[in-house]
Amino acid sequence: MNGTDVIVPVREIYWNVQGHIPFVQTLLYLLAISSIAVMSYGIWRDVRRWGLGRPERRDTQLLARLGDFVQQVFGQKRVLRDRLPGIMHAMIFYGFLALFIGTDIIAIEEDFTIPTLGPDAGKILVRDFYKFYEITLDTLGLLFVIGLVWAAYRRYVTRPNRLDNRRTDAWVLASMLYIGLSGYWIEGLRILNQEIGGVRVFEQDWARLAWVGYLHALLYRALGLEGEAGLILHRVLWIIHMLVTFAFVASIPYTKFRHMFYTPLNTFFRSTRPKGALPTIDDIEDKDESELGANRLADLTWKQRMSLDACMRCGRCQANCPAYAAGADLSPKWLITKLDDLMRGAPVVMRDGTIVHVGAQAQAAAGADRRPTTPPDEGPHGQLRGLNRLKGGGEHRIVGERETLPLYGTLISANELWSCTTCRACMTECPAMIEHVDDIIELRRKLALVEGDVPEGVQTVLTGIERNGNPWKLPQRERTAWAEGLDVPTLAEVEAVDVLYWVGCAPSYDARSRTVARAMVQLMRRAGVSFAILGEEETCTGDPARRMGEEFLYQTQAQTNIETMRQYKFKTVVTTCAHCFNTIKNEYPRFGGGAGTDYEVVHHTQFLARLVREGRLTPQRRVAARIAYHDPCYIGRYNDIYDDPRALIAAIPGVELAEVPERNRQKAMCCGGGGGNVWMEGWGTRGVNVIRLEQIQQAQPTTLAMACPFCMIMFEDAAKNTGVGDTLQRKDVAELLLESLPLEDNDATPSVS
């Protein structure tokens, strides 16, 4: 204290509590120990559940994992991708983090520095640091409160489709909101009534730095809470604040707020494989059937089980899932939450509101934390609200052991499993880094490899690849029919070239896609590229088989193609198929493929953009068109190729490049053809391709540009079914580039419908 009316800024811990409430410190320590013990038991129980899973290596590239961990957790990188909810979450996160650190500083001062260094030297919250402490915590604490109010309003008032409410959600929000608000109530009463050495804190200039608490103090003074009334209220609120805080701490592993621990863990142990590479079943021929795929909880790895607990049910995956948008049974969120309910021994909440009890006797358990707060109900305009938008409800019982219960046919339907297009939108958006697509593929693997229970369309494709080397079941001798009249060399004839043009099955057999392959040949000749094809030595890469779960057939195809490619010399592999590109580049190296070592693998959009940049191809002819480019999933989200296709289109004279509003680049919706769905009937009430075409038309294009034959097939179908076949042109970027080049006498310009 510098005088009778000025005091050094300092925080007195236990002010107005110690000496007024018997054994208050002892009570606080007992509650702290008890709450941490209850929380620790819950975490230990969860970790033990994860340990029941199969082993999996996730301890490689530790520095890369740590770097990504810091960006995602403390930088909120993935969270902020969804702007408004991301800002809301960041306010809660940083506010909570600040309050947590602030509370820890008080504990360190009281329990460590003062006891060891003495009452003067041991003080941390004093002078300038205390000023900084007050203004920082008051400001970030207010952001915390605002974020919580925003979250509550969003969850219980606006109620977006992707959210569902369970009983403990209200507890989490209400308890945190009370902790945040009551902290200001207590601070305001302390500022108003505290005296240090006979000098009132309220009259000190530095008291105003705790500006939110100071505003409360002004209000309390107007309400007459100076003196004994204010002191009593302060003690009451302090005790309630302490009780709610420790109750909240104890409840963390038993509510969705457990994601504060498990989501960072899941982020650290994320996959470090290339995004386009699925997990491989090593030594597949020697594996027991129980090791092939997953159809029970017991089949999941410890990492997959941890991912279930990491889910915060934010619904971003669902909001970006094309199958869900099309009305199929699949919601990536509900797929994960159902398995999490099952793993945790709780009643399983289904997407339609039904509660499923699983157990030896299948008796209804209380499971209050997992039950929906309200059943689905119809809104004033017929829309469905509540847990979700599907009618359902009631309770069902399944007799069986949770760990060994077959998932397919009980909790997971055929529609749910096979409607996935493997577009990776769910994984791209998920802030918890959950690997939804990998989980779905594991389920498909069990059905395809062991149980032989796959849809008819899947079986047709698998049979075609196995017997004919292509999903269309057409003869291998017709694989080069697309090149008739072009005199395209094969590697068997020339043995060494700069570029191996990997044609792929669709450009080889699909009539519309053949024109793209012919355009590529003409473009490479114009640029003076030394190239050749494999011809009849080329066979399906196996991508459709792998995405449909037939891992053995995929590995057979991969080994065949890799052995064929080893016979020849080339520097670059160019593909017009996004799926072939991803497979050869990201998946074949696991089986001895030479991508990245013996040769580079590039998509034709990258290759053509390179030729234009180098001046080997120069667009000159004007193409008067407003063009919207559709980002294929397997070169976009899987391989981050966004700029080259756009640069290529923009280089064409006369073109106006129009982006699809909101749904472009990473956010582009799938065409609906991935995961084998190009050969299957639609699973939803609408076609994914139709929905995507409607999104694209919002850009008001005259031409739709594509870069994948699967997309071409799907959009050709959608254009005809929606009546825009004659008004919206559909062209591959290669066709557009060829159209812009000066005509030559020997041009055989492909016809485009």
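Residues numbered from 1 in each chain as written. Predicted model: local features only at pLDDT ≥ 70, side-chain atom pairs only at ≥ 80, totals over all residues. Heavy atoms only, no water.

A closer look at the overall build of the chain
Right, on to step 1. Looking only at helices and strands, the chain features 27 helices and 15 strands.
Right, on to step 2. Oriented by its inertia axes, the alpha-carbon framework of the chain measures out at about 100 × 65 × 55 Å.
Right, on to step 3. The proportion of buried residues among the 753 residues of the chain is 58%.
Right, on to step 4. A sequence separation of at least 24 residues applies to 78% of the contacts in the chain between residues at least 6 apart.
Right, on to step 5. By element, 56% of the accessible surface of the chain is carried by carbon and sulfur atoms, the whole surface being about 31000 Å².
Right, on to step 6. Each charge class in the chain was averaged separately, 84 positive and 88 negative side chains, and the resulting centres sit 3 Å apart. (Helix = DSSP H or I, 4+ residues; strand = E, 2+ residues; numbered from the N terminus. Buried < 20%, exposed > 50% of the residue type's maximum accessible area, 1.4 Å probe, protein only. Contact = heavy atoms within 4.5 Å. Areas by Shrake-Rupley, 256 points an atom, 1.4 Å probe, with all protein chains shown as cover. Lys, Arg positive; Asp, Glu negative; His and termini not counted. Charge placed at Lys NZ, Arg CZ, Asp CG, Glu CD.)

Let's talk about the packing of helix H9 (residues 302-310) against helix H12 (residues 332-343)
Right, on to step 1. One way to put it is that H9 packs onto H12 with a least axis distance of 9 Å and a crossing angle of 105 degrees. The angle between H9 and H12 falls in the class roughly perpendicular. Where H9 abuts H12, its residues Arg305, Leu308 and Asp309 lie against Ile336, Leu339, Asp340 and Met343.
Right, on to step 2. Its residues assigned to classes, the contact of H9 with H12 comprises four nonpolar, no polar and three charged. (Axes fitted to C-alpha atoms, helices over the stretch in contact; angles between N-to-C directions. Parallel < 35°, antiparallel > 145°, perpendicular 65-115°, else oblique. Nonpolar A, V, L, I, M, F, W, Y, C, P; charged D, E, K, R; others polar.)

Concerning the pattern of salt bridges
Right, on to step 1. Scanning the entire structure with this criterion turns up 53 salt bridges.
Right, on to step 2. When the shortest N-O distance is used, the salt bridge between Asp640 and Lys275 registers 2.9 Å. Remark: Lys275 occurs in the loop between helix H8 (259-268) and H9 and Asp640 occurs in the loop between strand S12 (625-629) and helix H24 (643-650); sequence separation between them is 365 residues.
Right, on to step 3. Among the salt bridges present, the one from Glu551 reaches Arg546, with a minimum N-O distance of 2.9 Å. (Salt bridge = Lys/Arg side-chain N within 4 Å of Asp/Glu carboxyl O.)

Some remarks on the sheet that holds strand S8 (residues 499-502)
Right, on to step 1. Reading across from one edge, S9-S8-S10-S11 is the order of the four strands in this open sheet, with parallel pairing throughout. Every interior strand has two partners, whereas the edge strands, strand S9 (531-532) and strand S11 (600-603), have only one.
Right, on to step 2. Inspection of the sheet shows strand S10 (residues 572-575) paired to S11 by four bridges, in the parallel sense. Its bridge partner lying in S11, Val573 is registered against Val601.
Right, on to step 3. Sheet strands touched by helix H19 (residues 511-526): S8, S9 and S10. Its angle to S8, the strand with the most contacts, is close to 165 degrees.
Right, on to step 4. Across the sheet, helix H23 (residues 604-613) touches S8, S10 and S11, and the angle it forms with S11 is around 90 degrees. (Pairing = 2+ DSSP bridges.)

Structural notes on the sheet that holds strand S13 (residues 655-658)
Right, on to step 1. The sheet built from four strands is open, its strands ordered S13-S12-S14-S15 with parallel pairing. Pairing within the sheet leaves two strands with one partner each, and these edge strands are S13 and strand S15 (729-732). Across this sheet, the average inter-strand angle for adjacent strands is 35 degrees, counted without regard to direction.
Right, on to step 2. Note: strand S14 (residues 703-706) against S15, four bridges, orientation parallel. Considered in S15, the bridge of Ala705 is made with Lys731.
Right, on to step 3. Sitting on the sheet, H24 is in contact with S12, S13 and S14, with an inclination near 175 degrees to S12.

Describing the pairing of S13
Right, on to step 1. Sheet topology places S12 next to S13; four bridges connect them, and they run parallel. Residue pairing in the sheet places Ala625 in a bridge with Val655 of S13.
Right, on to step 2. Regarding topology, H24 serves as the crossover connection from S12 to the parallel S13, and that connection is right-handed. (Right-handed = clockwise from strand over helix to strand, strands pointing away.)

Details of the nonpolar core
Right, on to step 1. The biggest cluster of nonpolar side chains holds 156 residues, and the ones touching the most others in it are Trp482 and Leu608.
Right, on to step 2. Among the elements that make up this core, the one with the highest residue count is helix H26 (residues 709-722) (eight residues).
Right, on to step 3. Dropping the residues within four chain positions of it, Leu608 is found in contact with Met520, Leu523, Leu617, Leu648, Ala734 and Leu737.
Right, on to step 4. Counting 50 residues, the second-largest nonpolar core is a separate cluster that includes Ile7, Val201, Ala210 and Leu237. (Core = buried A, V, L, I, M, F, W, Y, C linked by side-chain atoms within 4.5 Å.)

Focus: the environment of Met565
Right, on to step 1. With respect to the helices, strands and loops of the structure, Met565 is situated in helix H21 (residues 551-566).
Right, on to step 2. Between the C-alpha atom of Met565 and that of Gly593, which follows or precedes it by 28 residues, the distance is 8.5 Å.

What about unusual backbone geometry?
Right, on to step 1. The phi dihedral of Tyr14 is positive, around 65 degrees, even though this residue is not glycine.
Right, on to step 2. Notably, Arg313 is not glycine yet its phi reads approximately 60 degrees, a positive angle.
Right, on to step 3. Looking at the secondary structure, you find Arg313 in the loop between H9 and helix H10 (316-319).

Some points on helix H2 (residues 62-73)
Because an α-helix packs 3.6 residues into every turn, residues spaced three or four apart end up facing the same way.
Right, on to step 1. The first and last C-alpha atoms of H2 sit 16 Å apart over twelve residues, in line with the 16 Å expected at 1.5 Å per residue.
Right, on to step 2. Residues of H2 that are buried include every one of Arg65, Asp68, Phe69, Gln72 and Val73, and no others. For H2, the angular spread of buried residues about the axis comes to 115 degrees, placing them on one side.
Right, on to step 3. Contacts made by the buried residues of H2 are with helix H3 (83-117) and H8. (Expected span 1.5 Å × (residues − 1). Arc of directions from axis to C-beta.)

A few points about the side chain of His630
Right, on to step 1. Structurally, the position occupied by His630 is in the loop between S12 and H24.
Right, on to step 2. Polar contacts involving the side chain of His630 include one to the side chain of Arg692, which spans 3.0 Å. (Polar contact = N/O pair within 3.5 Å; in protein donor to acceptor, adjacent residues only side chain to side chain.)

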